[in-house]
Structures are given as C-alpha cells and as structure tokens.
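Structural overview
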Amino acid sequence: MSIRRLPENLVNRIAAGEVVERPASALKELVENAIDSGARNIAVRLSAGGIDLVEVTDDGCGMSPSDMALALERHATSKLPDEDIEMVSTLGFRGEALPSIASVSKMTLESRPVGAEGWTRTVDHGVLTGEGPAALPHGTRVRVENLFGKVPARRKFLRSPRAEYAAVLDTMKRLAMARPDIGFVVEHDGRRVLAVQPTSARPERVAALTSSELIENSVALDFEREGVRLGGVASLPTYNRGVADHQFLFVNGRPVKDRLLIGAVRGAYAEMLARDRHAVVALFLDLPPTQVDVNVHPAKTEVRFRDPALVRGMIVSGLRHALVQSGFRAVQRPSADALAAWQQEPIQTAQGDIFARSARTGPTAYQGQYGQHSAYSSTYENRSSFADMGAIPGDDLAPLWGRAAEAHEPVPERARHPLGVARGQVAKTYIVAEAEDGLVIVDQHAAHERLVLERMRKAMAEAGGAVPSQALLLPVVVELEEPACDRLEARADELSAFGLDVERFGPGAMLVRATPAVLGDGDAKGLLEDLADDLAAYDDALSLRERIDHVAATMACHGSVRAGRVLSVVEMNALLREMEITPHSGQCNHGRPTWVKLALGDVEKLFGRK
C-alpha cells in the first residue's frame, strides 16, 4: 500500500484522540483558552457530566470573525508571537484544541471584542454548518454538544455521566485553584455545584475548593531558592486522606500531575504518615520558563525540569521546614462523630439513679416559699432532684468522687502552656489536661513514641550520625527464623548507627550486646522481631534514608511509655512540656494524632450552655 496524505478532517480526529480523551479534557482546553484571554469571570454549564453539553463563557478579550476562522484551523494560535517556544507563558500554545474538539462534536463558537459586533460559527464534527452575527456581551462563548456523537468507537469508551462529572469537577477545581484572581461558576444539569469569587489569597481559595477545615489544620509555604519559588499550603500530618486525589500541584500556574513532584511530597511526609495515607497539599511552583519544558505531553499535564534535583530538594526541605515550624500542632478538634458519641446518661448506684426525677409529690419548703411564682414553679417541676448524699454509703459513692493527690509542688499556670496542665489519667492510657481554652486529651504512648524518635534523630545529628548505646551487662540471645537473622545481619552496620549492637549467633539466633541509650530497658526480643519484619516488608522498596527512618520509628515504638502504665502528675506534666518544644509532636510515627482538644465551647454545647 502506497503512502498517502491524510485528509484534514481525519487528521483533526487523530489529534482529538491525543487532546480530547473525555469531557474533562475538552473542558480543560476551553477554560485554559478563557484564562489566556484575560477573563476575570468564567462560567461553565454542563449536562450529563459533559457528554451532552459543555459550555464555557468568559469576559475576556474576544475574537474578530477572521480570528475565529483561524482559531478553528490546526496550529493557529495567538499565544506564540515568535518562534521561541521555550519562553511560553500561557496555558495553551499548540493551536490544536478548538479544531480537535470541533472534529468530534458539534461546536458553536461565539465571540465579541470590546467595541465591535459579535459573530458566531457552528462546526458539526469537522463540517462548517453556519455562521453569522451574534448578540452577546464582550468575551467568548464556546458550546460543545454531543461529544463523540459520530465517533461510536470513542463514545463507547466514555464512562457513566456520574464518573465523567466527577472528572470534570476535579478539573475545574484545579484550574480555579491555580487562578484565585478569577471568579468561576459551574452548573451541572441546572444546579450550581461550584462558585468562587475572585480573591488575592491562595489559602482561602484552596480551602474553598477543598475543605474549610484545611485552614485550621495546615501550614503555609513561602520559600525561594536559586530563582525557584515554592508557595501554597500543606496539611498537618494528622490531617490526611486515604487517596492522593487531594494533592494539587501547579507549575507556573499550570495544573500538572508530575511523578517527580508527587514523589517529593511523599518523601517530605515519609516518617510522619502511614504508607496508606496521603497528605492534603496545594503546591505552587514558580520558576523561569527556560527552567521547565511544558511541551512534553499533548494535554500539557506533565512537565520536565532542567534541574529536577533542585526542584525535588526544595519541595522536600520546604515542606519539612514548614512542618517543623508547626511544632506540636495536630488536628485539634475532635470529629463531629466523636462529639455526637457523648451521651447524657444517668449514674447508677446501689440506691438507684442519683439524678432520677423525684417521686415526691408533696410541697417542700422551697416550693412553699416560691410556689406563687410561675417561673420558679416551672423550674422546680422540671429540675432533677439529687439524692441525699448523706444516706449513701461511702463505698457506693467511691465511683462518683474523684480522689485528689497531694500537691508536693505548685501547680503550673495553665495560661503559660499551650497543652495545659495535667489533671489526671484515664484508662491508664490518656492524659487529661486543662488548657486555657479547653480540655486536652493526650495519647501517652503515641506522644512519647514521637518524642523518643525525635530524641534519636537529635542524638544522631549531635553525635555525627550515631546514637549513643548502652552495653548490656549480659548479652541477650534472641531466637529468630534464619531468613530474619540474615536480614538483620545484612543491616548490622545501619543498626549500629542507632546504638543497637547485634551479631549472628548461630543459624537461627542473634546476639544483642547493646541497645540505644534513649530506649532504656526494653524488650530486645520484641524489638528484633519487629525490625526483621520491617526489613522483610520494605527493604527492597525503600531507599537507605527511608529504611533508617523505619528502623528509628520501630525502635522508638519499643522505647516509649506503653498504654496501661500509670503516670504521676509530675511525669504527665513533663511529657506535655516536652511535646510543646519537640517538632512533629502533634502526630505519632504512624501519622495518627497524639492529642486532641475539646474546646471550651464544645464542652458548653455538651451541657446545653450554648
């Protein structure tokens, strides 16, 4: 078969296969054109998830009839005034979007520049079917109907309207997040689903498009290095999601899904999140156009950096620095479900319910004195009468009365400490502290686990990469399976850097000669078993740095205060004070919160005071 030149319509349909994958792809191209036109407000109308209708209206510069005709031809664009493609500063530049979309749908293009008449052109699957004057405000309106209507091979690969709608909404959120200075409105099947007003603040725009809770549970980023600027917001490690769909990445205002950036975010949160949890971030990377190549993907969703190491290092160090500055912060408010679980329940004793409504019907001195006033009478009728405490034996009152410990030293002032002053311990696991603005509940094991990990890291840094060890008076022999012993023996040098001195002791045993000093007296057997399991699970998949973090986290878990241990008031307050000055103490080594705060307002709501 001889080589032939393909017809223009077929070329456009092939190009559409690269640019227009689904309704969200078409919408992205149209909204990017609207942004490049200088629009301040963009309105989007959808039907059936964009399969039946995608309409984008903007108040940008508009186009003349001659420009509209050129815009529907391939590789015609106003965004490259010269041939220097490396200096592109607009979202679009290929000149393929409009003709590609018009070749697989019915497109109606209407536009009017300021001070000129409007014009419209209609193209049905690549064929011009009409044009003429149009009445509309200045700007452009593009209406795309029946996408892939005459291309059944492509239409059948579209997903359900609900799934396409989800993809379209995600695309719009990313575009709206990239440009907080532009207002966006999205309607789907006649219902407004997204509306944001122009603003100059990125954090507010990000929170409006994700969750209002993000503002309270995030840190701001603003770093610059060698001409590269990193801004945005990043969630605290304790505010995370089960999927990575809430990670929004932008390069020079362009939404991208780049593996380098995603990996950098993952690396920054490596030792603070469980492997199946993901941070919520919106990162804005701005760098000179010559330092990034945006012309590597037809849909312009991927980029290539000239210095990827600089970019990755800046994201990792910037995120970690911001999270360190957050100190002991965590997701401070309990969830609505947790608050709803609080119930008003009667307390039962051997004498019955001490808050039960009185069965006495006769008047009392109280009622006789104030019975003539209806307000007081109503109060008496609705109140709960307390049982006579003097008639209840002491043993039955024991569960009701708190037992106060003798104070051997002045109680600290709660106003001086963000995490408050310890008031007691619940279930030998949770420390209850009173802060100036509420009640703080601390998971003693999770909190101390993070503190031990940070002590180990600090000790390694101060000792030049080695944690001080404590030699055992009598070495401990730990019996393990032979493969586990092999893995530990292979990593003996790395373990030694953490103060754990082990050596092989026969085919199925390891000899422990020293343990990290910061761990104190611990369970050497349990520690080695967990380390062997971690190495089996992650040894090949993780880098040396990540393996070291896993080893340190495992050791810290074994060296921390266990749940079930009774702590004195002095020990509880010491733990709280150390948390306040330790980085990342708001979450444990697995990404779970170490403390939550029940605000005073929430307590008042529980008791009906607010």
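On a predicted model such as this, the values are computed, not experimentally measured, just so you know.

The next subject is the overall build of the protein. Each helix and strand in the protein was counted, giving 21 helices and 26 strands. The burial tally for the protein puts 45% of its 610 residues in the buried class. Summarising the internal contacts of the protein: among those between residues at least 6 apart in sequence, 68% fall at separations of at least 24. For the protein, the accessible surface area stands at approximately 31,500 Å², while carbon and sulfur atoms represent 52% of it.

Bringing the layout of surface pockets into the picture now. Approximately 890 Å³ is the volume attributed to the largest pocket. The wall of the largest pocket is formed by 32 residues, among which Ala167, Asp170, Thr171, Arg174 and Lys257 lie closest to the centre. Elements supplying a minimum of two residues to the lining of the largest pocket: helix H1 (8–19), helix H2 (23–36), helix H6 (161–178), strand S12 (247–251) and strand S13 (254–256). When residues in the lining of the largest pocket are grouped by element, the largest group, 8 residues, is from H6.

Our next topic: the nonpolar core. Residues Val31, Ile42, Val44, Val56 and Phe184 are the most contacted members of the largest nonpolar core, which totals 58 residues. Per-element accounting of this core gives the leading share, 9 residues, to H6. In this view, Val56 contacts Leu27, Leu30, Val31, Ala34, Ile42, Ala43, Val44, Thr140, Arg141 and Val142; residues no more than four positions away in its chain are not counted. Core analysis: the next-biggest nonpolar cluster, separate from the first, contains 34 residues, Met272, Val281, Leu283 and Phe305 among them.

Compared with an ideal rise of 1.5 Å per residue, which puts 18 residues at 26 Å, helix H10 (residues 308–325) spans 26 Å between its outermost C-alpha atoms and is within 8% of the ideal. Here H10 has its buried residues at Leu310, Val311, Met314, Ile315, Val316, Gly318, Leu319, Ala322 and Leu323. On the buried face of H10, the contacting elements are strand S9 (218–225), strand S10 (228–235), helix H9 (259–268), strand S15 (281–286) and strand S17 (304–305).

Moving on: the sheet that holds S15. The pairing of strands in a sheet happens through backbone hydrogen bonds and is either parallel or antiparallel. Strand order across the open sheet formed by 5 strands is S9-S10-S15-S12-S13, with mixed pairing between neighbours. Edge positions in the sheet fall to S9 and S13, since each has one partner strand and no second. Each adjacent strand pair in this sheet contributes to an overall mean axis angle of 20°, direction not counted. Along the sheet, helix H7 (residues 202–209) contacts S10 and S15; its crossing angle with S15, the most-contacted strand, is approximately 140°. Of the strands in this sheet, S9, S10 and S15 are in contact with H10, which crosses S9 at around 140°.

The next thing to look at is the confidence of the model for the protein. Looking at the protein as a whole, its pLDDT mean stands at 77, while 73% of the residues score no less than 70. Per-residue pLDDT stays below 50 along residues 344–405; that stretch engages in 42 contacts with residues further than four places along the chain or on separate chains. Long-range and interchain partners of residues 540–545, a stretch whose pLDDT sits below 50, account for 4 contacts in this model, where long-range means more than four residues apart.

What follows covers unusual backbone geometry. Although it is not a glycine, Asn252 sits at a positive phi angle of roughly 50°. Its location among the elements puts Asn252 in the loop between S12 and S13. A relative accessible area of 32% means that Asn252 is categorised as partly exposed. At Lys428, a position not held by glycine, the phi torsion is positive, near 55°. Note on placement: Lys428 falls in the loop between strand S20 (421–426) and strand S21 (430–435).

This part covers the pairing of strand S4 (residues 118–124). The buried count for S4 comes to 5 of 7 residues, which makes it a mostly enclosed element. The turn joining strand S3 (residues 106–112) and S4, which pair antiparallel and follow one another in sequence, is formed by 5 residues; a positive phi near 80° is taken by Gly115. Sheet topology places S4 next to strand S5 (residues 127–134); 7 bridges connect them, and they run antiparallel. Among the inter-strand pairings, Gly118 is bridged to a residue of S5, identified as Ala134. Between S4 and S5, which pair antiparallel in sequence order, lie 2 residues; one of them, His125, sits at a positive phi of approximately 50°.

With that settled, consider the packing of H2 against H6. Axis separation between H2 and H6 bottoms out at 8 Å; the angle between their running directions is 25°. Relative to H6, the element H2 lies roughly parallel. The hand of the H2/H6 crossing is right-handed. Taken together, the residues of H6 that come into contact with H2 (itself represented by Pro23, Ala24, Leu27, Lys28, Val31 and Glu32) are Glu164, Ala167, Val168, Thr171, Met172 and Leu175. Split into classes, the residues belonging to the contact of H2 with H6 amount to 8 nonpolar, 1 polar and 3 charged.

This brings us to H9. The set of residues buried in H9 consists of Leu261, Ala264, Val265, Gly267 and Ala268. Viewed along the axis of H9, the buried residues span an arc of 160°, placing them on a single side of the element. Tucked inside the fold, the buried residues of H9 contact S12, S13, S15, S17 and H10. The opening residue of H9 is Asp258, an N-cap whose side-chain oxygen sits 3.0 Å from the backbone nitrogen of Leu260.

Here we come to the pattern of salt bridges. Applying the stated criterion across every chain, the model contains 22 salt bridges. For the salt bridge of Lys28 with Glu32, the shortest nitrogen-to-oxygen distance reads 2.8 Å. Here the residue Lys28 and the residue Glu32 both occupy positions in helix H2, the gap between them amounting to 4 residues, near one helical turn. The class for Lys28 is buried, based on a relative accessible area of 11%. Given the relative accessible area of 1%, Glu32 is considered buried. A salt bridge links Glu503 to Arg513, with the shortest nitrogen-to-oxygen separation between them at 2.9 Å. Here Glu503, found in strand S24 (residues 501–504), pairs with Arg513, found in strand S25 (residues 509–516); they are 10 residues apart in sequence, far enough to count as distant. Glu503 gets classed as partly exposed once you look at its relative accessible area, which sits at 32%. With a relative accessible area of 36%, Arg513 lands in the partly exposed category.

Take the packing of H9 against H10 next. The contact between H9 and H10 brings their axes to 8 Å, and the two run at 35°. Between H9 and H10 the crossing geometry is right-handed. Of the residues in H10, those in contact with Leu260, Leu261, Gly263, Ala264, Val265, Gly267 and Ala268 of H9 are Pro308, Val311, Arg312, Ile315, Val316, Leu319 and Arg320.

The strand order S5-S4-S3-S6-S2-S1-S7-S8 describes an open sheet built from 8 strands, whose pairing is mixed. Looking along the sheet, the strands with just one partner apiece sit at the ends: S5 and strand S8 (191–196). Shown here is a sheet whose adjacent strand axes are inclined to one another by a mean of 10°, direction ignored. Here 7 bridges tie S3 to strand S6 (residues 139–145), and the two strands are oriented antiparallel to one another. Bridged to Glu110 within S6 is Arg141. Along the sheet face, H2 touches strand S1 (41–47), strand S2 (53–58), S6 and strand S7 (183–188) and points at about 5° away from the line of S2.

Definitions and limits used
Residues numbered from 1 in each chain as written. Predicted model: local features only at pLDDT ≥ 70, side-chain atom pairs only at ≥ 80, totals over all residues. Heavy atoms only, no water. Helix = DSSP H or I, 4+ residues; strand = E, 2+ residues; numbered from the N terminus. Buried < 20%, exposed > 50% of the residue type's maximum accessible area, 1.4 Å probe, protein only. Contact = heavy atoms within 4.5 Å. Areas by Shrake-Rupley, 256 points an atom, 1.4 Å probe, with all protein chains shown as cover. 1 Å grid on protein atoms, 1.4 Å probe; cavity = no way out; pocket = protein on both sides within 12 Å on 5 of 7 lines; lining within 4 Å. Points joined across faces, edges and corners; volume = space filled by probe spheres on them. Core = buried A, V, L, I, M, F, W, Y, C linked by side-chain atoms within 4.5 Å. Expected span 1.5 Å × (residues − 1). Pairing = 2+ DSSP bridges. Axes fitted to C-alpha atoms, helices over the stretch in contact; angles between N-to-C directions. pLDDT = per-residue confidence, 0-100. Parallel < 35°, antiparallel > 145°, perpendicular 65-115°, else oblique. Left-handed = near helix turned anticlockwise from the far one by under 90°. Nonpolar A, V, L, I, M, F, W, Y, C, P; charged D, E, K, R; others polar. Arc of directions from axis to C-beta. Polar contact = N/O pair within 3.5 Å; in protein donor to acceptor, adjacent residues only side chain to side chain. Salt bridge = Lys/Arg side-chain N within 4 Å of Asp/Glu carboxyl O.

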